[in-house]
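Examination of the molecular architecture
The chain contents come next:
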Amino acid sequence: MLDRLRSQITLAAGTHETIAIQAPYTGTTFSTIPAGTVADLESAIQQARAALVAWSKLTFAERAHIFLRFHDLLLKRRDEALDLIQWETGKARRHAFEEILDTVTVTRYYARRAERLLRPRQRKGALPLFTRTREFRCPVGVVGLIVPWNYPLNLAVTDAVPALLAGNAVVLKPDVQTSFTALWALNLLREAGLPQDIFSIVTGDGSLLGPALGERVDYIMFTGSTRTGRLVARQAAERLIGCSLELGGKNPMIVLADADLDAAVYGAVQGCFTSSGQACISIERIYVHQSIADRFLAGFAERTRALKLGASLDYSIEMGSLTAERQLQQVEEHVRDAVDKGAVLLAGGRRRPDLGPLFYEPTILTRVTGQMRVFAEETFGPVVSVYPFSDEQEAVERANATCYGLSASIWTRDASRGARLAQQIRAGNVNVNESYAAAWGSVDAPCGGRKESGMRPRHGAEGILKFTEAQTVAVQHLMLVGTPSWMDAAVHARWMARLMKLLRRMRVLN
């Protein structure tokens, strides 16, 4: 299968170097990918521009049919995708399956809603009765996608789908570690009927291909670190093209005194350790009301210690491996720094080489202070710090005391109270009595970050409108908006002032 997928990579003529890919479960090389060049990227973008001509002639219904067929094929062939995701990322199969669910949900949503979201809209004209004004949404052209390694199927597809349905072409630069999952998805899209060059992939070094992609496309969508996101935004600003970013997070969870403790403990385990904590929306800080803190910590620590870790291509494992050695080193550095400065380990805190080279136990820390790296830096691993609080306002202030604003979670038996509190959290997504899936899975609503967690969300109307440009077409009838040639300018000004007053009284224009 890997040889067939490798053939889907867009390459220029000539001999190419390759990059070895290691399996996180074993640490051994399981395949190689071509180290694409700027020439490969240029070729892919030129082919994409050429493909736009035929793609633009398809109706929304014809495009939607392709993606609905992909939806069905993905569900049918999900085990192939799950095997690839696990081999490339090391995550547990149950967490890999979340990628399948989200990908088909987003694909189905845009296939069914794209035409409605992008249809021409009647707008109020300059002069009532005399001006007919319509707004059109036009594709931007070629969209460049740069996606990370942690959700290789989901992030490769769910931004490409709305971009393509809006009439654009897409060139994708996947992370080196997880290129085969993206290639598998592209292969399946082509099997579903997607034209050959309208969506292509170039694999290789991100420091080379990322800037080159930003120099050539008409819009750039980046998911990854805040540091790199700033570089992408700067490049887009210099070229005056659009960009959207989903970046880092230091996501909080607030457990109020009236919370269902069993549900909150289960939610904390899911929110902190899904995909081994390697998700932008993972919970890394938990604030628990002091009246229930001891009971919450006892239950949370017990459930965390009982998690089943391992490498298995079935659903028996509750947490898998980290993906890369650099990520494991960061996790170890954060935990070591915290413990050396006085933090207390309630669970985890060590490697598990008996399970594989990149396994690390799910870890709970208390007594974390601002002098510790784990306090404010994104760990991006199975590590969470737990803090007591005395009142709601304190919890809100501490939850907001971060440069990030991606996701948050609130637990209470009073859903109305939770919803009111959620509006005080400066994050793009806030879940009440859920860790992350409720907001993330509500694909009709925008999903994105505030502050240093990103700009221009995915999902919902914004998730497809951002890949278009607005065009206003105004058709004037009977009389000009400006001064007619036969009328004195002063007379025209007096009549127009009277008309404006009349329209104000009639509330015709707001």
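Look up: the structure comes first, before these words.
Residues numbered from 1 in each chain as written. Predicted model: local features only at pLDDT ≥ 70, side-chain atom pairs only at ≥ 80, totals over all residues. Heavy atoms only, no water.

1. Considerations on the packing of aromatic side chains
Quick note on the threshold: Under the pairing criterion, centres of Phe, Tyr and Trp rings, with the six-membered ring standing for Trp, must be within 6.5 Å; the plane angle then separates stacked pairs below 30 degrees from edge-to-face pairs above 60, leaving the rest tilted. Helix and strand labels come from DSSP, where a helix needs a run of H or I of at least four residues and a strand needs a run of E of at least two; each type is numbered from the N terminus. Think of it in three bands: with a 1.4 Å probe and only protein chains considered, a residue is buried below 20% of the maximum accessible area for its type, exposed above 50%, and partly exposed in between.
Applying the stated criterion to the full structure yields 12 aromatic pairs. Centroid distance Trp149 to Phe380: 5.7 Å. Interplanar angle 85 degrees. Geometry classified as edge-to-face. Placement of the pair is Trp149 in the loop between strand E5 (142-146) and helix H6 (154-157) and Phe380 in the loop between helix H14 (373-376) and strand E14 (383-389), with a sequence separation of 231 residues. We classify Trp149 as buried; its relative accessible area is 9%. Assessed through its relative accessible area of 11%, Phe380 is described here as buried. Ring centres 6.2 Å apart and planes at 20 degrees place the aromatic pair Phe273 and Phe300 in the stacked group. Placement of Phe273 in helix H11 (residues 261-273) and of Phe300 in helix H12 (residues 293-305) is noted, with a sequence separation of 27 residues between them. What links up through ring pairs into an aromatic cluster is the set Tyr25, Phe30, Trp87, Phe180 and Phe359.

2. A closer look at the nonpolar core
Here is the rule we go by: We define the nonpolar core as a collection of buried residues of types Ala, Val, Leu, Ile, Met, Phe, Trp, Tyr and Cys that are connected through side-chain atoms lying within 4.5 Å of one another.
Judged by nonpolar contacts, the single largest core of 91 residues is most densely connected at Phe67, Leu74, Leu164, Val171, Leu194, Ile198 and Phe199. For this core, the element with the highest residue contribution is helix H5 (residues 93-118), accounting for 10 residues.

3. Some details on a positive patch on the surface
Our working definition: The residues that make up patches have over 30% relative accessible area and no salt bridge, and they are joined within 9 Å when like-charged or within 5 Å when they are Val, Leu, Ile, Met, Phe, Trp or Tyr. What sets the accessible areas is the Shrake-Rupley method with a 1.4 Å probe; for residues, cover comes only from the shown protein chains. By convention in these notes, a salt bridge is any Lys or Arg side-chain nitrogen within 4 Å of a carboxyl oxygen on Asp or Glu. This count recognises Lys and Arg as positive and Asp and Glu as negative, with His and chain-terminal groups excluded. Note that the charge is assigned to NZ on lysines, CZ on arginines, CG on aspartates and CD on glutamates.
A cluster of like positive charges, contributed by Arg494, Arg498, Lys501 and Arg505, occupies part of the molecular surface. As for its position among the elements, Arg505 is in helix H19 (residues 489-506).

4. Observations concerning H11
Under the convention used in this document: Take the residue count of a helix, subtract one, and multiply by 1.5 Å to get its expected span. Whenever two N or O atoms come within 3.5 Å, that pair is a polar contact, provided that in protein one can donate a hydrogen and the other can accept it, and provided that, for residues adjacent in sequence, both atoms are side-chain atoms.
The terminal C-alpha atoms of H11 lie 18 Å apart, and with 13 residues this matches the ideal 18 Å at 1.5 Å per residue to within 8%. Every buried residue belonging to H11 is among Leu261, Ala264, Val265, Gly267, Ala268, Val269, Gly271, Cys272 and Phe273, and all of these are buried. N-capping of H11 is provided by Asp260, with a side-chain oxygen placed 3.1 Å from the backbone N of Asp262. Just downstream of H11 lies Ser275, where phi reads positive at about 55 degrees.

5. Remarks on unusual backbone geometry
One non-glycine residue, Ser276, lies in positive phi territory at about 55 degrees. As for its placement among the helices and strands, Ser276 is situated in the loop between H11 and strand E11 (283-289). Note on Ser276: relative accessible area 1%, which makes it buried. Even without a glycine there, the phi angle at Arg367 is positive, about 55 degrees. One can find Arg367 in the loop between strand E13 (363-366) and H14. Arg367 sits in the exposed class, given a relative accessible area of 65%.

6. Description of the environment of Val339
Where we set the bar: In this analysis, two residues are considered to be in contact whenever any of their non-hydrogen atoms come within 4.5 Å of each other.
Looking at the secondary structure, you find Val339 in helix H13 (residues 325-340). Residues Val339 and Met372, 33 residues apart in the sequence, show an inter-C-alpha distance of 8.9 Å. Once residues within four sequence positions are removed from consideration, Val339 is found in contact with Leu345 and Leu365.

7. Some remarks on the packing of helix H3 (residues 60-76) against H5
The criterion, for reference: Inter-axis angles, ranging from 0 to 180 degrees, are taken between N-to-C directions of lines fitted to C-alpha atoms, where helices are fitted over the stretch in contact. Geometric relationships in this document are graded by angle, where less than 35 degrees denotes roughly parallel, more than 145 denotes roughly antiparallel, 65 to 115 denotes roughly perpendicular, and other angles denote oblique. By the convention adopted, Pro, Cys, Tyr, Trp, Phe, Met, Ile, Leu, Val and Ala count as nonpolar, Lys, Arg, Asp and Glu as charged, and the other residues, Gly among them, as polar.
Running from N to C, H3 and H5 cross one another at 170 degrees; their axes reach a closest spacing of 9 Å. Here H5 runs roughly antiparallel to H3, going by the angle between their axes. Here Phe60, Ala64, Phe67, Leu68, Phe70, His71, Leu74 and Leu75 of H3 come into contact with H5, specifically with Ile100, Thr103, Val104, Thr107, Arg108, Ala111, Arg112, Ala114, Glu115 and Leu118. Tallied by class, residues from the contact of H3 with H5 come to 12 nonpolar, 3 polar and 3 charged.

8. Some points on H5
What counts here: We define the bend at each residue as the angle formed by axes fitted to the 7 residues ending at it and the 7 residues starting at it.
In this model H5 runs 36 Å from its N-terminal to its C-terminal C-alpha over 26 residues, within 8% of the 38 Å that 1.5 Å per residue would give. Helix geometry: H5 is bent most strongly at Arg112, by close to 45 degrees.

9. Some thoughts on the sheet that holds strand E7 (residues 199-201)
Heads up, the condition is: By the convention used here, strands pair only if DSSP detects at least 2 bridges between them.
Spatially, 6 strands are ordered E7-E6-E5-E8-E9-E19 in an open sheet, and the strand pairing comes out mixed. Strands with a single pairing partner mark the edges of an open sheet, and in this sheet they are E7 and strand E19 (454-455). Pairing between E5 and strand E8 (residues 219-223): 4 bridges, direction parallel. Residue pairing for E8: Val143 is matched across the bridge by Tyr219. Across the sheet, helix H8 (residues 179-191) touches strand E6 (169-173) and E7, and the angle it forms with E7 is around 155 degrees.

10. Focus on the packing of helix H2 (residues 38-56) against helix H9 (residues 206-216)
Just so we agree on the cut-off: Helix crossings get a hand from a simple test, with the near helix turned counterclockwise from the far one by less than a right angle marking a left-handed crossing and a clockwise turn marking a right-handed one.
Axis separation between H2 and H9 bottoms out at 10 Å; the angle between their running directions is 35 degrees. Like other packed secondary-structure pairs, H2 and H9 cross with a definite hand, here right-handed. Only Leu208, Leu209, Ala212, Leu213 and Arg216 of H9 make contact with H2, whose side of the interface consists of Val38, Leu41, Glu42, Ile45 and Arg49. Its residues assigned to classes, the contact of H2 with H9 shows 7 nonpolar, no polar and 3 charged.

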